[in-house]
Amino acid sequence: MINFVGNLIFNGMKAPFIYGKIANNEDFTDREMESKHLLQNFRALVNTTIIAPRRWGKTSLVNKVADQLEKKYKDIIVCKLDLFNCRTAEQFYSAFSKAALQSSKTTLEEFMANVRRYLGRFAPTITFSDSTQSYELSFGVDFKDRSLSLDEILDLPQKLATDSKKQVVMCIDEFQNIKGYDEPLAFQKKLRSHWQHHSKVCYCLYGSKRHMLMDIFTNYSMPFYKFGDIMFLQKIQREDWIKFIAGRFKSTGKQISDELCGEIAGLMKCHSYYTQQLSQQVWLRTEKVCNKKIVEESFAALINQLSLLFTTIIDALTPKQINFLLAIVAGETNFSSKEVLKKYDLGTSANIKNLRKATLEKDLIDILPGNKLEIQDPVFECWLMKEYK
Ligand SMILES: Nc1ncnc2c1ncn2[C@@H]1O[C@H](COP(=O)(O)OP(=O)(O)OP(=O)(O)O)[C@@H](O)[C@H]1O
Ligand SMILES: [Mg+2]
């Protein structure tokens, strides 16, 4: 049985690999240097941005460090906010105030008391959902017309820190979503102008769209330029994956050699999500002792399984967009040159800008430092190479 987040229950035993959800406890490996660095930054109230390609483990890392921090220091409050579903500034303000007033340790009663105390005059509504056992905070319709209230909301973490005599760490995931709000530049200016005065608060900002975050934090003309420390997360190393995979097999009474563990990580280019996914497939096929054939079969099965998804992606592209991806896969860099335009049938050089924009917006490519383009998903890249060779 597989549930939608990739949790596999097999013969009554939970598979020792997970993907598609936050990795913690025994599912989390390595990242010791990064964890230490982040923990120190939080403790010293250094604002931190984490930038990495999709599914390398940003959210899992912040989560782990947030847990460690709360366990280690009693005078720190960690608040977490995910902007995934916040598509407007108004939704941002509700979610931001909810997150600030409700740390992981806050009970519902404390939360209600906090809301009354800090937001009572905005007449907010709290809705409780029986099915998800969660509650939402929303404000009346005239809320957004009161700019004073917005300012107060943005200062809530600092106020909370001062009142409680603690430090507050605000972790904001999918931060790049703020670029989609009305007047994004003015919005960013507003956030920065408030947050830079918060002496008792540290902001950790991260998300899954690397190129958008790069623009927010490394572009000289943007308000968040030099907001704090920027951490470029690296891949988990092959040696760490070997230890992790072997250990997880062992914990369920199965065996795998270091060599085969290394092969799994190598086939998946040490990509966090995919290495866990392939490991799970291999584990599933292994009765007692793993062998090379099982790894090869699992890899083929995984590519096969993902083929459906990749074909759907390709079906939604124009022939020129596909050709553009193939040019990237082939390692081309000078897309506007006559030879490349001709070889891959990309149209005129003016078209390259559109192709780049369209594939970027579809999350298919990523822009690396130095303006180099790459296919975002390493397995999709492998598949493209194989299908279009
Ligand atoms: N430290 C880790 N140890 C083992 N596996 C990990 C680790 N970090 C991440 N993973 C694997 O990678 C997957 C993606 O992790 P996570 O959601 O934290 O990444 P992300 O970078 O936040 O992704 P996105 O870009 O989609 O937001 C997890 O489900 C897990 O399978
Ligand atoms: Mg994430």
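Fair warning: this is a prediction, and the values are worked out from it, not measured in the lab.

On a plain count of helices and strands, the chain comes out with 16 helices and 11 strands. Relative to the globule expectation of 21 Å for 389 residues, the C-alpha radius of gyration of the chain, 23 Å, shows essentially globular dimensions. C-alpha atoms of the chain, sized along the principal axes, occupy 65 × 60 × 40 Å. By residue count, 33% of the 389 residues in the chain fall in the buried class.

Generally speaking, nonpolar side chains in soluble globular proteins are found buried as a group. In terms of nonpolar packing, the biggest core is built from 45 residues, with Val62, Val168, Val169, Met170, Cys171, Tyr203 and Cys204 touching the most fellow members. For Cys204, the contacting residues outside a window of four places in its chain are Thr48, Val62, Val169 and Cys171. Core analysis: the second largest hydrophobic core is formed by 37 residues, Tyr274, Cys290, Ile328 and Ile365 among them.

Spatial strand order, E4-E7-E8-E3-E9: 5 strands in an open sheet with parallel pairing. Either end of the sheet is taken by a strand with one partner, and the two such strands are strand E4 (76-82) and strand E9 (229-232). Ignoring strand direction, the axes of neighbouring strands in this sheet form an average angle of 15 degrees. Running over the sheet, helix H2 (residues 58-72) touches strand E3 (48-51), E4, strand E7 (167-173) and strand E8 (201-206) and is turned about 160 degrees from E4.

Before going further, it helps to spend a moment on helix H8 (residues 210-218). For H8, every residue scored as buried is listed here: Arg210, Leu213 and Ile216. The buried residues of H8 occupy an angular sector of 125 degrees when the element is viewed end-on, so they sit on one face.

This paragraph deals with the packing of helix H12 (residues 292-315) against helix H16 (residues 378-387). Running from N to C, H12 and H16 point in directions that differ by 90 degrees, and their axes come no closer than 10 Å. Considered as vectors, H12 and H16 are oriented roughly perpendicular to each other. Note on element contacts: H16 touches H12 through Val379, Phe380 and Trp383, opposite Ile303, Leu306, Ser307 and Phe310. Residues that form the contact of H12 with H16 fall into these classes: 6 nonpolar, 1 polar and no charged.

This paragraph deals with the site of ligand 1. Around ligand 1 there are 23 residues in total, and Gly57, Thr59, Ser60, Ser208 and Ser272 lie nearest to it. For the shell around ligand 1, the elements supplying multiple residues, two or more each, are H2 and helix H11 (272-285). Its residues placed into classes, the shell around ligand 1 shows 8 nonpolar, 8 polar and 7 charged. A domain split of the shell around ligand 1 shows at least three residues from each of domain 1 (31-232) and domain 2 (237-306).

Moving on, we get to the environment of Ile294. Tracing the backbone through its elements, the reader meets Ile294 in helix H12. When the C-alpha atoms of Ile294 and Gln281 are compared, they prove to be 9.1 Å apart, with 13 residues separating the residues in sequence. Those residues in contact with Ile294 that sit more than four places away from it in its chain are Val282, Arg285 and Thr286.

For the rest of this paragraph, the subject is the environment of Glu32. In this fold, Glu32 is placed in helix H1 (residues 32-43). Along the sequence, Glu32 and Leu61 sit 29 residues apart, while their C-alpha atoms lie 9.8 Å from each other.

Before going further, it helps to examine the confidence of the model for the chain. For the chain, the mean per-residue pLDDT works out to 90, and 94% of the residues sit at or above 70. Low confidence marks residues 1-6, where pLDDT is under 50. Its contacts with residues over four positions away, or in another chain, come to 8 contacts.

Another aspect to go through is the pairing of strand E5 (residues 125-129). The element E5 is barely covered by neighbouring structure, given that only 0 of its 5 residues are classed as buried. Note: E5 against strand E6 (residues 134-138), 5 bridges, orientation antiparallel. Bridging across to E6, Phe128 finds its partner in Tyr135.

What H16 keeps buried is the set Val379, Trp383 and Leu384. Summarising the axial view, the buried residues of H16 lie within an arc of 140 degrees, below the 170-degree limit, and thus occupy one face. The inward-facing, buried residues of H16 abut H11, H12, helix H13 (319-329) and strand E11 (372-375).

Here H13 crosses helix H15 (residues 350-361) at 85 degrees, and the two axes come no closer than 10 Å. In terms of their interaxial angle, H13 and H15 are classed as roughly perpendicular. Every residue of H15 that contacts H13 at Lys320, Gln321, Phe324 and Leu325 is listed here: Asn351, Leu355, Ala358 and Thr359. For the contact of H13 with H15, a count of residues per class yields 4 nonpolar, 3 polar and 1 charged.

Of note, Ser97 is situated in helix H3 (residues 89-101). A C-alpha to C-alpha distance of 51 Å links Ser97 and Val340, two positions 243 residues apart in sequence. With residues up to four places along the chain from it excluded, the contact list for Ser97 reads Leu119, Leu137, Ile153 and Leu156.

Rules behind the numbers
Residues numbered from 1 in each chain as written. Chains lettered and ligands numbered in written order. Predicted model: local features only at pLDDT ≥ 70, side-chain atom pairs only at ≥ 80, totals over all residues. Helix = DSSP H or I, 4+ residues; strand = E, 2+ residues; numbered from the N terminus. Rg over C-alpha atoms; globule rule 2.2 N^0.38 Å. Buried ≥ 20, exposed ≤ 12 C-beta atoms within 10 Å, placed from the backbone. Core = buried A, V, L, I, M, F, W, Y, C linked by C-beta atoms within 7 Å. Contact = placed C-beta atoms within 7 Å. Pairing = 2+ DSSP bridges. Axes fitted to C-alpha atoms, helices over the stretch in contact; angles between N-to-C directions. Arc of directions from axis to C-beta. Parallel < 35°, antiparallel > 145°, perpendicular 65-115°, else oblique. Nonpolar A, V, L, I, M, F, W, Y, C, P; charged D, E, K, R; others polar. Near = placed C-beta within 6 Å. Domains from an automatic or database assignment. pLDDT = per-residue confidence, 0-100.

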